[in-house]
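# An overview of the molecular structure
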Amino acid sequence: MNAPHTEPFLTLQEIIAAARRNLAPGPWSYLIGGAETETTVRRNRQALDSIAFRPRVLRDVSRIDSSADFFGRKVRLPVMLAPIGGLESIVEGGAAAAARGAAQFGVPQILSSVCQPGLEATAAAADTVRVFQLYVRGDDAWVDDHVKRALAHGYAAFCLTVDVAMYSRRERDLVGRFVKPWRATAPAGSNFQSGLSWDQVKRFKDKHSVPLILKGIATAEDAEIAVQHGVEVVYVSNHGGRQLDHGLGSAAVLPPIVAAVGGRAEVWVDGGFMRGTDIVKAIALGAHAVGLGRLPCLGLAAAGVPGLVRALEILENEIQTCLGLLGVASFAGLTSHHVAAAPPVGEAGVFGAFPLLGEPPHG
Ligand SMILES: Cc1cc2nc3c(=O)[nH]c(=O)nc-3n(C[C@H](O)[C@H](O)[C@H](O)COP(=O)(O)O)c2cc1C
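A few points on the structure. The structure presented is a predicted model; accordingly, all values stated were derived computationally and were not measured.

Thresholds applied
Residues numbered from 1 in each chain as written. Predicted model: local features only at pLDDT ≥ 70, side-chain atom pairs only at ≥ 80, totals over all residues. Heavy atoms only, no water. Core = buried A, V, L, I, M, F, W, Y, C linked by side-chain atoms within 4.5 Å. Buried < 20%, exposed > 50% of the residue type's maximum accessible area, 1.4 Å probe, protein only. Helix = DSSP H or I, 4+ residues; strand = E, 2+ residues; numbered from the N terminus. Phe/Tyr/Trp six-rings, centres within 6.5 Å; stacked < 30°, edge-to-face > 60°. Lys NZ or Arg CZ within 6 Å of the ring centre and 35° of its normal. Pairing = 2+ DSSP bridges. Right-handed = clockwise from strand over helix to strand, strands pointing away. Axes fitted to C-alpha atoms, helices over the stretch in contact; angles between N-to-C directions. Parallel < 35°, antiparallel > 145°, perpendicular 65-115°, else oblique. Contact = heavy atoms within 4.5 Å. Near = heavy atom within 4 Å. Polar contact = N/O pair within 3.5 Å; in protein donor to acceptor, adjacent residues only side chain to side chain. Areas by Shrake-Rupley, 256 points an atom, 1.4 Å probe, with all protein chains shown as cover. Nonpolar A, V, L, I, M, F, W, Y, C, P; charged D, E, K, R; others polar. Salt bridge = Lys/Arg side-chain N within 4 Å of Asp/Glu carboxyl O.

Leu87, Phe158, Val234, Ile257, Ile279 and Leu334 are the most contacted members of the largest nonpolar core, which has 97 residues in total. Sorting elements by how many residues they give to this core places helix α14 (residues 294-326) first, with 18 residues.

By convention here, two paired aromatic rings are described through the distance between centres and the angle between planes. Scanning the entire structure with this criterion turns up 9 aromatic pairs. Residues Phe132 and Tyr155 carry aromatic rings whose centres are separated by 5.8 Å and whose planes lie at 80 degrees to one another, so their mutual orientation is edge-to-face. Here Phe132, found in strand β6 (residues 130-134), pairs with Tyr155, found in strand β7 (residues 155-161); they are 23 residues apart in sequence, far enough to count as distant. Each member of the pair, Phe132 together with Tyr155, is buried. Members of the aromatic cluster, each reached through a chain of ring pairs, are Phe70, Phe71, Tyr235 and Trp268. Over the face of the ring belonging to Phe105 we find Arg76, whose NZ or CZ atom lies 3.8 Å from the ring centre. In this structure, Arg242 packs its charged tip against the face of Tyr30, placed 5.0 Å from the ring centre.

Judged by how many residues are buried, β7 sits mostly within the fold: 6 of 7 residues are covered. Direction of pairing for β6 relative to β7: parallel, over a ladder of 5 bridges. Residue pairing in the sheet places Arg130 in a bridge with Tyr155 of β7. Each parallel crossover has a hand, and for β6 linked through helix α6 (residues 140-152) to β7 it is right-handed. In the sheet, β7 pairs with strand β8 (residues 212-217) via 4 bridges, with the strands oriented parallel. Bridging from a neighbouring strand, Thr161 pairs with Lys215 of β8.

Quick look at the packing of helix α1 (residues 12-22) against α14 now. Relative to each other, α1 and α14 sit at 175 degrees, their axes nearing to 9 Å. Here α1 lies roughly antiparallel to α14, going by the angle between them. Taking contact as the criterion, the partners of Leu12, Ile15, Ile16, Ala18, Ala19 and Asn22 in α1 are, on α14, Leu295, Leu298, Gly299, Ala301, Ala302, Gly307, Arg310, Ala311, Ile314, Leu315 and Glu318.

Around the ligand, the surrounding shell holds 21 residues, and the nearest of these are Pro83, Ser112, Thr161, Asp270 and Gly272. A distance of 2.9 Å separates a nitrogen atom of the ligand from a polar atom in the side chain of Gln133. One of the backbone nitrogen or oxygen atoms of Gly272 is found 2.7 Å away from an oxygen atom of the ligand. Protein contacts shield 98% of the accessible area of the ligand, which totals 600 Å² for the unbound molecule. Looking at the shell around the ligand residue by residue, the classes come out as 7 nonpolar, 10 polar and 4 charged.

Side chains carrying opposite charge are able to pair once their charged atoms draw close together. Enumeration according to the criterion identifies 14 salt bridges in this entry. Taking the shortest distance from any N to any O, the salt bridge between Asp49 and Arg45 comes out at 3.0 Å. Pair noted here: Asp49 and Arg45 are both in helix α3 (residues 39-49), with a separation of 4 residues, about one helical turn. Using a relative accessible area of 5% as the deciding quantity, one classes Arg45 as buried. Across the salt bridge formed by Arg76 and Glu316, the nearest N and O atoms sit 2.8 Å from each other. One end of the pair, Arg76, is in the loop between β3 (73-75) and β4 (79-81); the other, Glu316, is in helix α14, and 240 residues separate them in sequence. Within this structure, Asp140, Asp144, Arg203 and Lys207 form a network of salt bridges that share partners.

With that out of the way, let us pick up unusual backbone geometry. Note that the residue after Gln116, namely Pro117, is joined by a cis bond; omega there is 5 degrees. Mapped onto the fold, Pro117 is located in the loop between β5 (109-112) and α5 (118-125). You will see that Leu58, though not glycine, has its phi angle at about 60 degrees, which is positive. Here Leu58 is to be found in the loop between β1 (51-53) and β2 (68-70). The backbone of Phe71 shows a phi angle near 45 degrees, a positive value even though the residue is not glycine. In this fold, Phe71 is placed in the loop between β2 and β3. Given the relative accessible area of 28%, Phe71 is considered partly exposed.

Take a look at the structure:
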């Protein structure tokens, strides 16, 4: 697993091909799959492909700054590693490896509560800008205990994932009989997850002052309720198409949510963001930051920590190329006038952003 590469990857396509070679069928399907028909997965890509750029020319772009701020700290790109459960089945060291890559490159990591080696050991692995993401599988005291531990270990914010009232049917996993080790041994708690309501969000905000992110908001209506509850971040996500099937693409629901939030909270987004141009589109549409789910995992699977760092370097290169060709020297100069609706071109699969690749053979 994660064999060292002998020459640097020049494209993201090569990284994905290497990840495919390295991963066994079970973890591969777990990583790339979505729910049921995988329509939401494809719509994530299609929504991004339905946005085109309107470049402006003859602006001085000889020096491009693609850095961003994240809870008051400067980060190298407006992206973060989205929370991934079971990373230990994709790369040796699991979340600790991801933390090292995130720290080395200079972007934040959101740690999943269902990822080894856990909250404390991941924090100790590297000096990252970090956020803790919790699946609520216990009572209020259980949640409070996690907040306490996260704060004690330098996590800058707390994230509740709210699009998991039911665990979806991931058919690649079912067909492959892939039993996720962390689900086989996970303590019971799904009742808490399906019983979660806005009451607990209110209780959380009344009790804790740590910035709160709600991950999995997919409508302007829920974004409005989230803002009314005082959340600091509305995180637009459909879980990478892994939960509700037949949802809209994240990039399609972003503009109405940005409008509904109206600057009262930050808006983050994820779902299908694989390319530098994808990130630029999100920021042009008003997102503050973009979560990367599968892409960092593919980097880690391709070549461990250096593979993740290389994927982020290529992404940065793509972002800077895009900004320069749009005629803006930093994200501050980017506006919704730089994008326009356009008919999508090409395949809308999970690897639709990589035409040279096609979907690598499965299983
Ligand atoms: C293998 C895998 C595991 C995931 N585990 C979690 C998790 O533990 N918690 C969570 O909130 N989201 C989880 N997600 C969803 C991601 O955080 C993110 O929302 C999604 O992957 C973004 O879409 P993308 O993969 O197209 O970038 C997971 C996604 C993948 C691919």
